[in-house]
Amino acid sequence: MKLIATLLATAFIAAPAMANLDGAKLYAEKTCNACHGADAKKPLLPTYPKLAGQNAGYAEQQMKDIKSGARNNGQTAAMKGVMHLVNDEEIKAIAVWLETLQ
Ligand code: HEC
C-alpha cells in the first residue's frame, strides 16, 4: 500500500515537471550546441549531422542508442561523452523541439 502511494505521488510530482522541460534551453545547457550548432543547422564539422527538423521519434531513439552504446561508430564516441548529462525526459524534450525547427 505504501509502495502504491509512493508510486502515485511520484507520478503526480513528475508529470508537471516533465511538461515544463524546455528543449531549446536544454539543447544549449547540455552543450549540444557546441557540436551541432546554435540553431542545429550548422554543425561544428561538416561530417556532423544537422538536427533541425529531424523527426522527433527518430532523434529520440538515436540519442538513447548513442547514450547506451547500441549505436556505435567512429563518430558516436564524440557525443557519447556528454550523454550522461541528459536523462530520458530531457532527451525527449530536445527531440520534440528539434522537430519544430525549419
Ligand atoms: C562532441 C560533439 C557532440 C556533442 C556535444 C553532441 N553531439 Fe550529437 N552527434 C555528434 C556526432 C558526431 C553525431 C553523429 C554520430 C554518428 O555518426 O553516428 C551525433 C549524432 C546526433 C544525433 C543523431 C542524428 C542522426 O541523424 O542520426 C542526434 C539526435 C544528436 N546527435 C543530438 C545531440 C544532442 C541533443 C546533444 C546534447 C545532449 C548532442 N547531440 C551533443 C556530436 C555531438
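Rules of the game
Residues numbered from 1 in each chain as written. Predicted model: local features only at pLDDT ≥ 70, side-chain atom pairs only at ≥ 80, totals over all residues. Near = placed C-beta within 6 Å. Helix = DSSP H or I, 4+ residues; strand = E, 2+ residues; numbered from the N terminus. Nonpolar A, V, L, I, M, F, W, Y, C, P; charged D, E, K, R; others polar. Buried ≥ 20, exposed ≤ 12 C-beta atoms within 10 Å, placed from the backbone. Contact = placed C-beta atoms within 7 Å. Core = buried A, V, L, I, M, F, W, Y, C linked by C-beta atoms within 7 Å. Expected span 1.5 Å × (residues − 1). Arc of directions from axis to C-beta. Axes fitted to C-alpha atoms, helices over the stretch in contact; angles between N-to-C directions. Parallel < 35°, antiparallel > 145°, perpendicular 65-115°, else oblique. Left-handed = near helix turned anticlockwise from the far one by under 90°.

Q: In this structure, what is going on with the site of the ligand? I would like to understand it.
A: The local shell around the ligand holds 23 residues, among which Cys32, Cys35, Gln62, Gln75 and Met79 are the closest. For the shell around the ligand, the secondary structure elements donating two or more residues are helix H3 (32-36), helix H4 (56-68) and helix H5 (76-80). Here the shell around the ligand takes four residues from H3, the largest share from any one element. Across the shell around the ligand, the residue classes break down as 14 nonpolar, seven polar and two charged.

Q: So what exactly am I meant to see when it comes to the environment of Gln54 here?
A: Tracing the backbone through its elements, the reader meets Gln54 in the loop between H3 and H4. Residue Gln54 is classed as partly exposed on the basis of its 17 C-beta neighbours within 10 Å. For the pair Gln54 and Ala95, spaced 41 residues apart in sequence, the C-alpha to C-alpha distance is 8.0 Å. In contact with Gln54, other than residues within four places in its own chain, are Ala59, Leu98 and Glu99.

Q: Can you help me understand the nonpolar core in this one?
A: Generally speaking, soluble globular proteins have nonpolar side chains that are buried together. Membership of the largest hydrophobic core comes to 14 residues, with the highest contact counts inside it found for Ala59, Met63, Ile91, Ile94, Ala95, Trp97 and Leu98. Of all the elements in the fold, those that place two or more residues in this core are H4 and helix H6 (88-100). Tallying contributions element by element places H6 first for this core, with six residues. With residues near it in sequence (within four places) discarded, Met63 still touches Ile91 and Ala95.

Q: Explanation requested: H4 in the structure shown.
A: Residues spaced three or four apart along an α-helix point in a common direction, a consequence of the helix completing one turn every 3.6 residues. The terminal C-alpha atoms of H4 lie 18 Å apart, and with 13 residues this matches the ideal 18 Å at 1.5 Å per residue to within 8%. Buried residues of H4: Ala59, Glu60, Gln62, Met63, Ile66 and Lys67, and no others. Looking straight down H4, one finds that the buried residues subtend no more than 165 degrees of arc, so they occupy a single side. Away from its buried face, by an angle of more than 90 degrees, H4 presents the exposed residues Gly57, Tyr58 and Ser68. Buried positions along H4 lie against H5 and H6. At the exit of H4 stands Gly69, carrying a positive phi of roughly 100 degrees.

Q: What am I meant to see in the packing of H4 against H6 here?
A: Two quantities define a packed helix pair, namely the angle between the axes and the distance from one axis to the other. Between H4 and H6, the least distance of the axes is 8 Å, while the angle of their chain directions is 140 degrees. Of the possible angle classes, the one that applies to H4 and H6 is oblique. Here the hand of the crossing between H4 and H6 comes out right-handed. Two secondary-structure elements touch here, H4 through Ala56, Ala59, Glu60, Met63 and Lys64 and H6 through Ile91, Lys92, Ala95, Val96, Leu98 and Glu99. Classifying every residue of the contact of H4 with H6 by side-chain character gives seven nonpolar, no polar and four charged.

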